Amino acid sequence: TVVWLGVGLEMVLELFFSGFTTGILVLIIGVSVFTKVRDFFYHKANQYFFSSLYDVREVIEEASEKLALALEPEKLYNSICDVLQKPFQVSAIGVLIFDEKKKKYEVKINRGFNIGNKKYFKGSLNLKKKYTSKGELLIIEELIDKTRGESKKLIQMLDELGVKVVAPLNVEGDTIGLIVLGKKESGDNFNTDDFTVLNVIGQQAAISVKNSMLYEETLEFNKKLQEGIKQATKKLQKANIKLKKLDATKTEFLSIASHQLRTPLTSIKGFSSLLLNNGYGKLNDKQRKTIEKIFISNERLITLVEDLLNISRMEQGRLEYEFEKLNIKELLKEIVGVLSIQASHKDLYLKFKDEIKEQKEVLIKADKKKLTEVISNLIDNAVKYTQQGGIIVKLSRKNKNTILIEVIDTGIGIDPKEKDKIFEKFGRGDDIEAMHSGGAGLGLFIVKKLTEAHGGKVFVESEGKGKGTTFGLELPVASS
Ligand code: ADP
């Protein structure tokens, strides 16, 4: 038994030792090949998972759709990276855009390159001339041996950063930027399909980048424009407030001044008329003529003050109207009667012509005092600006609801260019000043405002200088 045991032990030991040696051997071999095997499997796995097998057409189609849609720069740079990263499965990708002012490439997006906070990269004119401006891709590995000097430094730097391929973004032969790509996760080199895709997508991306730059410029311009408008509006608003204040001050001044003027003017009128009526004894011719001049000038001043007061009341909304139904025929006859004395002083005729004979009464709704002022003013002017002939005041019907009053004179006429101006505040004919200094250009302004307050309108017609003038008033008839 002992012998058998001894033999058995010997066999076990022998077996054990021979197995151990084999184990060690296997272990040594295993360890030595493990890294290679691991690398092999890693490589295979990467090839499997990040296979560069993709449909070129599909990738290009998807890219052009995405790139065409992105207008905002940030979105666009992200889209460029997305559309290229998916098929190539690169470890890093980025877009650099040439900054014209700084003469450097600015990093617009960086996914995976270890560049820290670096924002700008110097370009190389040589590389641009030789490759990128022609639209050629830069394959770093190939260029390292080909380039010299300044360009070489750049290529080396790109190589150190892990850049494998650079695709230029060209618009009309000019490189506006670069797409830089790192190695493929699969470890494969870039193949011809990749280069095709890069070329096509690069071209599309370039157009989209240019568009987005224009879009940004437009936005910037819009912003500036809006800012400008805002500033201008602010200034205008300020100026407007100032003007309103000034206008209010002016109106207030006019109102106070006119009130203050009224009292002394009234007493001048009273005393001069008393003098003219021999209230202080009989006047000789010289005295009479002088006091008559005082009286007439004073009358003119009174009219001016009245006009100013009326305007300031109108502008403050304080002019009150007392509307009543009145027969316009009667009113016109009355006014013509009063003013014909004035016309006859100048040897002018003043006639009323009624063209609504079929009706005894033509009723309109009006403030009698103010409408009298309007019509008197037009006749006054006609007398003032007519030297020969005379004035006809004509009443007719324009249509069922409107009557027309015309003041037709044979006077100096009006230049068509001045037709609008004369209805403005202080608006006078260009050479009227020389002929008639006694006017302020307020009469027609008041006429216009008062007529409008009656729901009517005033207009002027004239064939031109020296050919007479017709002022027309359209007024609504009163509803019965
Ligand atoms: P004023 O007569 O005080 O100047 P108005 O406002 O009454 O002011 O008239 C404005 C201007 O219109 C006058 O200066 C004159 O040039 C022109 N005008 C008014 N009426 C006539 C008219 N009948 N014929 C010619 N021009 C007229």
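Residues numbered from 1 in each chain as written. Predicted model: local features only at pLDDT ≥ 70, side-chain atom pairs only at ≥ 80, totals over all residues. Heavy atoms only, no water.

Q: Which parts of the structure should I look at to understand the pattern of salt bridges?
A: Where charged atoms of side chains with opposite charge meet at close range, the side chains can pair. Applying the stated criterion to the full structure yields 19 salt bridges. Here K425 ties to E315 by a salt bridge, and the two come within 2.7 Å at their closest N and O atoms. Of this pair, K425 sits in the loop between β11 (402-409) and α11 (432-435) while E315 sits in helix α8 (residues 285-315), placing them 110 residues apart in sequence. Residue classification places K425 among the partly exposed residues on the basis of a relative accessible area of 27%. Put simply, K353 and E355 hold a salt bridge, and the shortest N to O gap is 3.7 Å. Bridged by salt links that share partners, the residues E106, K108 and K119 form one connected network. (Salt bridge = Lys/Arg side-chain N within 4 Å of Asp/Glu carboxyl O. Helix = DSSP H or I, 4+ residues; strand = E, 2+ residues; numbered from the N terminus. Buried < 20%, exposed > 50% of the residue type's maximum accessible area, 1.4 Å probe, protein only.)

Q: How do you make sense of the pairing of strand β10 (residues 390-399) when you look at a structure like this?
A: Remember that side chains alternate between the two faces of the sheet whenever the strand is regular. By the bridge criterion, six bridges tie strand β8 (residues 349-354) to β10 in an arrangement that is parallel. Directly across from K353, in β10, lies its bridge partner K394. Counted between consecutive antiparallel strands, the loop separating β10 from β11 contains two residues. (Pairing = 2+ DSSP bridges.)

Q: Would you take a moment to explain the packing of aromatic side chains for this structure?
A: Here the distance between the centres and the angle between the planes together describe a pair of aromatic rings. For the structure shown, the criterion picks out six aromatic pairs. For the pair Y54 and F88, a centre-to-centre distance of 6.0 Å together with 55° between the ring planes defines the contact as tilted. One end of the pair, Y54, is in the loop between α1 (2-49) and α2 (56-69); the other, F88, is in helix α3 (residues 73-88), and 34 residues separate them in sequence. Across the pair, exposure class does not vary: Y54 and F88 are buried alike. Pairing Y321 with F323 gives two aromatic rings, centres 5.6 Å apart and planes at 10°, and the pair type is stacked. One aromatic cluster is present, built from ring pairs that chain together Y54, F88, F190 and F195. Over the ring of F98 we find K128, and its NZ or CZ is 5.0 Å from the ring centre. Positioned above the aromatic ring of Y349 is the side chain of K351, whose terminal nitrogen or guanidinium carbon lies 4.6 Å from the ring centre. (Phe/Tyr/Trp six-rings, centres within 6.5 Å; stacked < 30°, edge-to-face > 60°. Lys NZ or Arg CZ within 6 Å of the ring centre and 35° of its normal.)

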